[in-house]
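Each chain, letter by letter, is given below.
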Amino acid sequence: MLYHQFDGIDIPRLGLGTWQLKGDDAYRITSKALELGYRHIDTAAVYKNEEEVGRAIRESGVARDEIFLTTKLWYEKIGEKTSIDAMKKSLDRLGTDNVDLVLNHWPVPEMEIGAQVTPLAEIQEQGLSRLVGVSNYTQNQLLTAVTECPVRLANIQCEYHPNLDQDPVLKTARGFDMLFTSYSPIGQGEVLSNPAIERLAEWNKRTPAQIVLRWHLQQANVAAIPRTSSEDHLKSNFEIFDFELSAEDMKTVYGLIKPDGRMIDPDWAPQWDTGVAA
Ligand SMILES: NC(=O)c1ccc[n+]([C@@H]2O[C@H](COP(=O)([O-])OP(=O)(O)OC[C@H]3O[C@@H](n4cnc5c(N)ncnc54)[C@H](OP(=O)(O)O)[C@@H]3O)[C@@H](O)[C@H]2O)c1
């Protein structure tokens, strides 16, 4: 495993994403992931699977302090008092006293960034989460958040895969030595059929997903949290620590950026950074 260290805490740079895994699937895949060696699990209040994820962790036989658990507060719940309430409800559902990381899931439209991130400090001070961070913030929003949050932000989680340029946010995160977590890291499966990725997979004797996940991990400060409902994919997605992409291979994957590569763009999204590809 590769780790990013933040304030003395080791964050595994490959984790399991659990969006859209519901009920028995969420329990089954989280359990299997822990059995295979995954130690970083990503959930959110809005995924409606915190109970199953929490139960899988408790019943796994893996010590809680060996697992890096992230959850997220839904943007409509963020506020001076409401963030703490939302955090406590997540902990109840997860059946744990604290998580390792909590994120503001989205910037709240029409709320000052300082007001959105200040409650994260209280969450951390109360010991409800060891680290705090944000998700889906733009470069400017992140800069403001870092400046105005009374505690250090450890992480930003954003969409990132070979079709999407995230240079502005990545550079900013690195500047504060934050971890940048790539969500939809394999483009929800879509980038895997790109002929260039298929060629690299054939050449390196790896699967297309392994090529793309390895590309993430060979970038400074970057983690990836692929999601799958297949136990075979779960296993092969984790087998990426025994090979390296060459500089040439990395360049090939960087070359797949598209100006319209973004996949997740709901109504409440901010005005995104354009990046170099736009
Ligand atoms: N912060 C946010 O706003 C936000 C937004 C979106 C996602 N996320 C987080 O990021 C995680 C990952 O993103 P995502 O779920 O959007 O998409 P993703 O991980 O990029 O892709 C998931 C898709 O890829 C397929 N897949 C996985 N491994 C594969 C393999 N080895 N070969 C072929 N296909 C494979 C899966 O199908 P199978 O089930 O068939 O394997 C699934 O359809 C989420 O689960 C969530 O935890 C966060």
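Residues numbered from 1 in each chain as written. Predicted model: local features only at pLDDT ≥ 70, side-chain atom pairs only at ≥ 80, totals over all residues. Heavy atoms only, no water.

The name an unreviewed UniProt entry assigns to the chain is Aldo/keto reductase, from the organism Parvularcula maris. In the Sequence similarities (unreviewed entry) part of its UniProt record, the chain is described as follows: "Belongs to the aldo/keto reductase family." (UniProt positions renumbered as here; feature names shortened; annotations may be inferred.)

### A short note on the environment of Arg262
Assignment of secondary structure puts Arg262 in the segment after α10 (247–254). Residues Arg262 and Gly187, spaced 75 residues apart in sequence, show a C-alpha to C-alpha distance of 8.9 Å. Setting aside residues up to four positions removed in sequence, Arg262 forms contacts with Glu159, Leu164, Gln166, Trp272 and Asp273. (Helix = DSSP H or I, 4+ residues; strand = E, 2+ residues; numbered from the N terminus. Contact = heavy atoms within 4.5 Å.)

### Description of the packing of helix α1 (residues 23–36) against helix α9 (residues 231–238)
Running from amino to carboxyl end, α1 crosses α9 at an angle of 35°, the nearest separation of the two axes being 10 Å. The way α1 lies across α9 gives a crossing that is right-handed. Mapping the contact onto sequence places Arg28, Ile29, Lys32, Ala33 and Leu36 in α1 and Glu231, Leu234, Lys235 and Phe238 in α9. Of the residues in the contact of α1 with α9, the class split is 5 nonpolar, no polar and 4 charged. (Axes fitted to C-alpha atoms, helices over the stretch in contact; angles between N-to-C directions. Left-handed = near helix turned anticlockwise from the far one by under 90°. Nonpolar A, V, L, I, M, F, W, Y, C, P; charged D, E, K, R; others polar.)

### Brief notes about the pairing of strand β2 (residues 9–12)
Where strand β1 (residues 3–6) lies against β2, 4 bridges are found, and the strand directions are antiparallel. Within β2, the position partnered with Phe6 by the bridge is Ile9. Linkage of β1 to β2, two consecutive antiparallel strands, is achieved through a turn of 2 residues, within which Asp7 is found at a positive phi near 50°. (Pairing = 2+ DSSP bridges.)

### A short note on the site of the ligand
Taken together, 28 residues lie near the ligand, and Asp42, Arg227, Thr228, Ser229 and His233 sit nearest. A distance of 3.2 Å is found between an oxygen atom of the ligand and a backbone nitrogen or oxygen belonging to Thr18. The backbone of Trp19 places a nitrogen or oxygen atom 3.0 Å from an oxygen atom of the ligand. Out of a free accessible area of 890 Å², the ligand has 86% covered by protein chains. Grouping the constituent residues of the shell around the ligand by class yields 11 nonpolar, 14 polar and 3 charged. (Near = heavy atom within 4 Å. Polar contact = N/O pair within 3.5 Å; in protein donor to acceptor, adjacent residues only side chain to side chain. Areas by Shrake-Rupley, 256 points an atom, 1.4 Å probe, with all protein chains shown as cover.)

### Quick word on the packing of helix α5 (residues 139–148) against helix α6 (residues 167–175)
Between α5 and α6, the shortest axis-to-axis distance is 9 Å and the interhelical angle comes to 20°. As the angle between them shows, α5 and α6 are arranged roughly parallel. Two packed elements cross with a definite hand, and for α5 against α6 that hand is right-handed. Each of Gln139, Leu142 and Leu143 in α5 lies in contact with α6, whose residues at this interface are Pro168, Val169, Thr172 and Ala173. Residues of the contact of α5 with α6, tallied by class, amount to 5 nonpolar, 2 polar and no charged. (Parallel < 35°, antiparallel > 145°, perpendicular 65-115°, else oblique.)

### What about the nonpolar core?
Ile156 and Phe180 are the most contacted members of the largest nonpolar core, which totals 75 residues. With residues up to four places along the chain from it excluded, the contact list for Phe180 reads Asn155, Ile156, Cys158, Tyr160, Gln166, Val169, Leu170, Ala173, Asn221, Val222 and Ala223. Ile11, Leu103, Leu131 and Ala154 belong to the second largest nonpolar core, which has 10 residues in total. (Core = buried A, V, L, I, M, F, W, Y, C linked by side-chain atoms within 4.5 Å. Buried < 20%, exposed > 50% of the residue type's maximum accessible area, 1.4 Å probe, protein only.)

### A look at the UniProt feature "active site" (unreviewed entry) in the chain
The UniProt entry lists Tyr47 under the feature "active site" (unreviewed entry), expressed in the numbering used here. Within the element layout of this structure, Tyr47 appears in the loop between β4 (40–42) and α2 (50–58). If near-sequence neighbours (up to four positions away) are discounted, Tyr47 is found in contact with Thr18, Trp19, Lys22, Asp42, Lys72 and His105.

### Description of a nonpolar patch on the surface
On the surface, Met1, Leu2, Tyr3 and Phe241 cluster together into a nonpolar patch covering about 330 Å² of accessible area. Mapped onto the elements, Leu2 comes out in the segment before β1. (Patch = residues over 30% accessible without salt bridge, like charges linked within 9 Å, V, L, I, M, F, W, Y side chains within 5 Å. Salt bridge = Lys/Arg side-chain N within 4 Å of Asp/Glu carboxyl O.)

### Describing the UniProt feature "domain: NADP-dependent oxidoreductase" (unreviewed entry) in the chain
According to UniProt, the positions carrying the feature "domain: NADP-dependent oxidoreductase" (unreviewed entry) are residues 13–254. Taken end to end, residues 13–254 is 43% helix and 15% strand, and its two terminal C-alpha atoms sit 19 Å from one another.

### Notes on the packing of aromatic side chains
Each aromatic ring pair is summarised here by two numbers: the centre-to-centre distance and the angle between the ring planes. All chains considered together, the criterion is met by 10 aromatic pairs. When the centroid spacing of 5.5 Å and the interplanar angle of 80° are considered together, the rings of Trp74 and Trp268 count as edge-to-face. In this pair, Trp74 sits in the loop between β5 (68–73) and α3 (82–94) while Trp268 sits in the segment after α10, placing the two residues 194 residues apart along the sequence. Accessibility expressed as a relative area gives 28% for Trp268, which makes it partly exposed. Here the guanidinium or amino end of Arg55 rests over the ring plane of Tyr27, the centre of that ring lying 4.1 Å away. If you follow Arg262 out to its NZ or CZ, it ends over the ring of Trp272, 3.8 Å from the centre. (Phe/Tyr/Trp six-rings, centres within 6.5 Å; stacked < 30°, edge-to-face > 60°. Lys NZ or Arg CZ within 6 Å of the ring centre and 35° of its normal.)

### Here we look at the sheet that holds β4
Spatially, β3-β4-β5-β6-β7-β8-β9-β10 is the arrangement adopted by the 8 strands of the open sheet, whose pairing is parallel. The open sheet terminates on both sides in strands that have one partner only, identified here as β3 (16–17) and β10 (222–224). Taken together, the 2 bridges between β3 and β4 define a ladder with parallel strand orientation. Note on β4: the bridge partner recorded for Gly17 is Asp42.

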